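In case you want the letters, here they are:
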Amino acid sequence: MEPGATETTWWSLRALRFPASACLGYLVPQFSEWEAQQGGLSTDGPTSHALHYLFEAGIERPGAAALNLSGSRTSRGDAAETKDPASPRDKASGTVPEITASIGSDKAETTLWTQLEAIREASRNRSVGLLTSLAPVDRSALQRLAWRGLPDTLRAMAWKMLLDYCPMQPSRLLKSVGRKREQYWQAVADLGLVSGPRLDGRLSSEDWVRKRQIDLDVPRTAPECPLFHTSAIQDTMTRILHLWSVRHPASGYVQGLNDILVPLVYVFYADHAPEQFQLDRTLVPEQAEPLLRDAEADAYWCLCALLDALQDQYVFAQPGIQRRVQYLERLMQRIDAPLCAHLAEQNVAFMQFAFRWMNCLLVREFPLPVTLRLWDAYLSERGTFAAFHVYVCAALLVRFSAELQQRQFPELVLFLQNLPTRDWTEQDISLLLSQAYLWKAVFADARRL
Amino acid sequence: MAVRPDDEYDYLFKIVLIGDSGVGKSNLLSRFTRNEFNLESKSTIGVEFATRSVQTDGKVIKAQIWDTAGQERYRAITSAYYRGAVGALLVYDISKRSSFENAERWLKELRDHADQNIVIMLVGNKSDLKHLRSVSIEEGQQYAETKGLSFIETSALDASHVEEAFVRILTDIYRLVHKRSLTTGDSAGGKSASGIVYQAGRGETISVGNLSHESRSSKRKCCG
């Protein structure tokens, strides 16, 4: 570490509006204990070492630590190390925790990019020979890359791999994906959905209710993107949502699933025909449509994979959402008590604004390109992203804490319903993710939340 | 934050917008509160809120309006917002017969979750879609009469009768409350036999049940 890095880190954290001493000092018992041993709170003392430790894990090299915390495949038991309050002590006493060793270098990143590019090209050309010759993708490296934000050209391939739709082993890719695509179109045909979104006459009343709701919602999905007004995209969305809801009868179609489908459809379509799939395009040329059969099937299977962890959000009474909103509230009590007190004083319930954040995974709150960046990180946390999402929501509240505390009901609710995030950039999301990561690192094991 | 002129009000009424998905609840609300209409407005997820003050019978009435998602799945969440509401606009689409037929179910929702004295107005929206009409004015009117609801047809798109709908329900509530307070001759802060709670003076608070939100509003008013 260079001299002065600790101070830089400290001020960077302050710039992120991270109430570090409050958080690390007394909210987390293990840090308090550790700090007591190290000589108490100060901005350049042991706290900043702890902060730096978290900072290094969470911001400078967030991917590695994110991976470790999520309990995914780790080579040396780093997960335990990150959660272990002894780790900062090691750091303070000069022992470099093993975690730093697992951080991918820029070189490794470049190699992975090249590898993904090659796989993408070979799979487009359906070149079995070439695919067989390519090495399997290292999942941990891919997760690290995704956490930092994926390049547009590799996003589709990376998302499909992170969602376990495409195998990491290139030689198996064409066969595996080919089978899935066939299955999708067969299912669509069986449902009578094949010639566009019009269903044939075999509908039960339940089918009609579902059809009516999907037909109502698809045209009003992503209205700010002309591309989503094209009949090609709308037919695709309709088929996918129908099939998903038929196959998930416990929830069926729930409003907001259309929003969640948007990033997937966009990313996979744009991958197949980038020229035709600019967000401001108002027409999808007919010749592009055959290309999209594969993209549509991919989007369906990836939607299934994504929603696997979120089923409880969409069943009767939506217990998953209720639970996550409650968790967000408890978390905020620890992170930003003054804001919570203000919301309570103004009688604004978390459910009033956070319901949509959970239901639509924040898709409604950000412009689409920014959402894609957010989802890169979510998908890198595949197994635990639903929990991580709550920390992102917390970071979002903290980000606007000052503005919120200046407002009273009803302006307060109106502000929360329309956060000034329309002009956000990927950089804003990166900062938000970093802060969310810090909260997660600090609170993930706090049993009393 | 400084008190703005629109914070000056005599009465504060909580209103809910209910009805099937896609009948135009959100557009009715945006037309009334911001004079905006959006043909491609997104579906409402959970509930959304807006507010506007109107003047009636020489009093300023501030309406806090909760717009609810129409889909069945959200019922468990949205019905929580019925509590404390003194008025409900039950909206259907005059070009979608099923949305009119479902009015019965929505009334049941209100009976189950809202306060019994809630004032309900049946609103036939999208009156601009004349060529697609599948529910006649007479039919709507007749149904409203049998259920003891007031009735109006509106078009959020061409703005016809939107203002009138909201002003009428707010006036109805005001008169009802006013009449009750006169009848009972109760003092400020009293509770009438009907369950309507009222407080005399500017910043008056009206609710037919849960007072929490409303009393807060009046407190804010006092504190400025």
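Thresholds applied
- Residues numbered from 1 in each chain as written.
- Chains lettered and ligands numbered in written order.
- Predicted model: local features only at pLDDT ≥ 70, side-chain atom pairs only at ≥ 80, totals over all residues.
- Heavy atoms only, no water.
- Helix = DSSP H or I, 4+ residues; strand = E, 2+ residues; numbered from the N terminus.
- Contact = heavy atoms within 4.5 Å.
- Buried area = accessible area lost by both parts, 1.4 Å probe.
- Salt bridge = Lys/Arg side-chain N within 4 Å of Asp/Glu carboxyl O.
- Polar contact = N/O pair within 3.5 Å; in protein donor to acceptor, adjacent residues only side chain to side chain.
- Nonpolar A, V, L, I, M, F, W, Y, C, P; charged D, E, K, R; others polar.
- Buried < 20%, exposed > 50% of the residue type's maximum accessible area, 1.4 Å probe, protein only.
- Axes fitted to C-alpha atoms, helices over the stretch in contact; angles between N-to-C directions.
- Left-handed = near helix turned anticlockwise from the far one by under 90°.
- Domains from an automatic or database assignment.
- Pairing = 2+ DSSP bridges.
- Disulfide = S-S within 2.5 Å.
- Expected span 1.5 Å × (residues − 1).
- Arc of directions from axis to C-beta.

Undergrad: I would appreciate a short explanation of the environment of A:Asp298 in the present structure.
TA: All names here are of chain A. In this structure, Asp298 sits in helix 16 (residues 289-308). The spatial distance from the C-alpha of Asp298 to the C-alpha of Lys160 is 7.8 Å, given a sequence separation of 138 residues. Residues within four places of Asp298 in sequence aside, it is in contact with Lys160, Tyr165, Val177, Arg181, Phe268 and His272.

Undergrad: Sorry, what's going on with the interface of chain A and chain B here?
TA: Where interface size is quoted, it is often the accessible area lost as the parts come together. On the side of chain B, 32 residues touch chain A, which itself brings 40 residues to the contact. Summed over both sides, the interface of chain A with chain B buries roughly 3,300 Å², with 52% coming from carbon and sulfur. Taken together, the links from chain A to chain B amount to 2 salt bridges. Here B:Lys42 ties to A:Glu224 by a salt bridge, and the two come within 3.6 Å at their closest N and O atoms. One can count 12 residue pairs in polar contact (both at pLDDT 80 or more) joining chain A with chain B. Contributions of two or more residues to the side of chain A that touches chain B are made by helix 13 (205-217), helix 18 (337-345), helix 19 (350-359) and helix 23 (411-417) of chain A. Looking at the side of chain A that touches chain B, the element that brings in the most residues is helix 19 of chain A, giving 5 residues. Grouping the constituent residues of the side of chain A that touches chain B by class yields 17 nonpolar, 14 polar and 9 charged.

Undergrad: Explanation requested: the environment of B:Val167 in the structure shown.
TA: All names here are of chain B. Relative to the helices and strands, Val167 resides in helix 6 (residues 162-184). When its relative accessible area of 24% is taken as the criterion, Val167 is described as partly exposed. Taking the C-alpha atoms as reference, Val167 lies 17 Å from Asp67; in sequence the two are 100 residues apart.

Undergrad: I tried to follow the packing of helix 13 of chain A against helix 14 (residues 231-247) of chain A on my own but got confused; where do I start?
TA: When two helices pack together, their arrangement is given by the angle between their axes and by how far apart the axes lie. Residue and element names in this part refer to chain A. Contact geometry of helix 13 with helix 14 gives a least axis separation of 10 Å together with a crossing angle of 145°. Like other packed secondary-structure pairs, helix 13 and helix 14 cross with a definite hand, here right-handed. Between helix 13 and helix 14, the residues in contact are Arg210, Lys211, Ile214 and Asp215 and Thr238, Leu241, His242, Ser245 and Val246, respectively. Residues that form the contact of helix 13 with helix 14 fall into these classes: 3 nonpolar, 3 polar and 3 charged.

Undergrad: I would appreciate a short explanation of the domain arrangement of chain A in the present structure.
TA: Residues and elements named next belong to chain A. Assigned domains of chain A: these are domain 1 (3-103), domain 2 (106-173), domain 3 (194-313) and domain 4 (319-448). Listed per partner, the contact involves 10 residues of domain 2 and 13 residues of domain 3. In total, about 1,000 Å² of surface goes out of reach between domain 2 and domain 3, with carbon and sulfur atoms giving 64% of it. For the interface between domain 2 and domain 3, the tally reads 3 salt bridges. We note a salt bridge from Asp298 to Lys160, for which the minimum N-O separation is 2.9 Å. At the surface where domain 2 touches domain 3, the tally comes to 5 residue pairs in polar contact (both at pLDDT 80 or more). Sorting the residues of the side of domain 2 that touches domain 3 by element identifies helix 8 (106-124) and helix 11 (152-162) as the ones contributing at least two each. For the side of domain 2 that touches domain 3, the element with the highest residue contribution is helix 11, accounting for 5 residues. Looking at the side of domain 2 that touches domain 3 residue by residue, the class counts come to 4 nonpolar, 1 polar and 5 charged.

Undergrad: Honestly, helix 10 (residues 139-148) of chain A in this entry has me stumped. Any pointers?
TA: In an α-helix there are 3.6 residues to a turn, and that puts residues three or four apart on one side. Residues and elements named next belong to chain A. Counting buried positions along helix 10 yields 9 of 10 residues, so the element is predominantly enclosed. For helix 10, the complete set of buried residues consists of Arg139, Ser140, Ala141, Leu142, Gln143, Arg144, Leu145, Ala146 and Trp147. If you check the start of helix 10, you find a side-chain oxygen 3.1 Å away from the backbone N of Ser140, and it comes from Asp138. At the C-terminal side of helix 10, Gly149 shows a positive phi close to 110°.

Undergrad: Help me out: how do you make sense of the pairing of strand 4 (residues 87-93) of chain B in this one?
TA: On any regular strand, side chains alternate: one points to one face of the sheet, the next to the other face. Residues and elements named next belong to chain B. Within strand 4, 7 of the 7 residues are buried, which leaves it mostly tucked inside the rest of the structure. A two-sided burial pattern is seen for strand 4, the buried positions comprising Gly87, Leu89, Val91 and Asp93 on one face and Ala88, Leu90 and Tyr92 on the other. Of the pairings in the sheet, the one linking strand 1 (residues 11-19) to strand 4 comprises 5 bridges and is parallel in character. Each residue of the ladder has a partner; that of Ile15, found in strand 4, is Gly87. Sheet topology note: the strand 4/strand 5 (residues 119-125) ladder contains 7 bridges and is parallel. Bridging from a neighbouring strand, Leu90 pairs with Leu122 of strand 5.

Undergrad: Can you help me understand the state of the cysteines in this one?
TA: Covalently bonding the sulfur atom of one cysteine to the sulfur atom of another cysteine gives a disulfide. Residue and element names in this part refer to chain A. In this structure the tally under the stated criterion is 0 disulfides over all chains. Counting only cysteine sulfurs, Cys360 is the nearest neighbor of Cys225, a cysteine outside any disulfide, at a range of 14 Å. Here Cys360 stays unpaired: no disulfide links it, and the sulfur of Cys393, its closest cysteine neighbor, is 11 Å away.

Undergrad: Mind showing me how you'd approach helix 13 of chain A here?
TA: All names here are of chain A. Compared with an ideal rise of 1.5 Å per residue, which puts 13 residues at 18 Å, helix 13 spans 18 Å between its outermost C-alpha atoms and is within 8% of the ideal. Those residues of helix 13 that fall on the buried side of the exposure criterion are Asp207, Arg210, Lys211, Gln213, Ile214 and Asp217. Around the axis of helix 13, the buried residues are gathered within 165° of arc, so they sit on the same side. Those residues of helix 13 hidden inside the fold are in contact with helix 14 and helix 15 (257-272).

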